[in-house]
Amino acid sequence: MIERPIKNLEDKVKCQEVKIKNLTVVKNILIEDCHKYQQEIKRLKEELKC
């Protein structure tokens, strides 16, 4: 009888782990985009100085 709740918890943990991995991937993509935009802003500021 105790196995079923444990199995449910294990399934929930696995689901949460997958969500965390997906969010981590999204976070890394957003960080990359942020760096690209920062570089573009820096480049444009340099252009404006000329």
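Residues numbered from 1 in each chain as written. Predicted model: local features only at pLDDT ≥ 70, side-chain atom pairs only at ≥ 80, totals over all residues. Heavy atoms only, no water.

A few words on the overall build of the chain. Of the regular secondary structure elements, the chain holds one helix and zero strands. The globule rule puts the C-alpha radius of gyration for 50 residues at 10 Å, and the 22 Å found for the chain is more than 25% above it. Here the chain holds 50 residues, and the buried ones make up 0% of them. With an accessible surface of roughly 5200 Å², the chain has 64% of that area assigned to carbon and sulfur atoms. If you average the places of the 12 positive and of the 9 negative side-chain charges in the chain, the two averages end up 2 Å apart. (Helix = DSSP H or I, 4+ residues; strand = E, 2+ residues; numbered from the N terminus. Rg over C-alpha atoms; globule rule 2.2 N^0.38 Å. Buried < 20%, exposed > 50% of the residue type's maximum accessible area, 1.4 Å probe, protein only. Areas by Shrake-Rupley, 256 points an atom, 1.4 Å probe, with all protein chains shown as cover. Lys, Arg positive; Asp, Glu negative; His and termini not counted. Charge placed at Lys NZ, Arg CZ, Asp CG, Glu CD.)

Attention now goes to the pattern of salt bridges. For the structure on display, the rule yields four salt bridges. Residue Glu40 is joined to Arg43 by a salt bridge in which the shortest nitrogen-to-oxygen separation is 2.6 Å. Highlighted residues: Glu40 and Arg43, both in helix 1 (residues 3-49), separated by three residues, approximately one helical turn. Overall, the relative accessible area of 33% leaves Glu40 in the partly exposed class. (Salt bridge = Lys/Arg side-chain N within 4 Å of Asp/Glu carboxyl O.)

Turning to its location among the elements, Asn28 is positioned in helix 1. In this structure, the C-alpha to C-alpha distance between Asn28 and Glu46, residues 18 residues apart in sequence, is 27 Å.

In this section: the environment of Arg4. Here Arg4 is to be found in helix 1. In this structure, the C-alpha to C-alpha distance between Arg4 and Lys42, residues 38 residues apart in sequence, is 57 Å.

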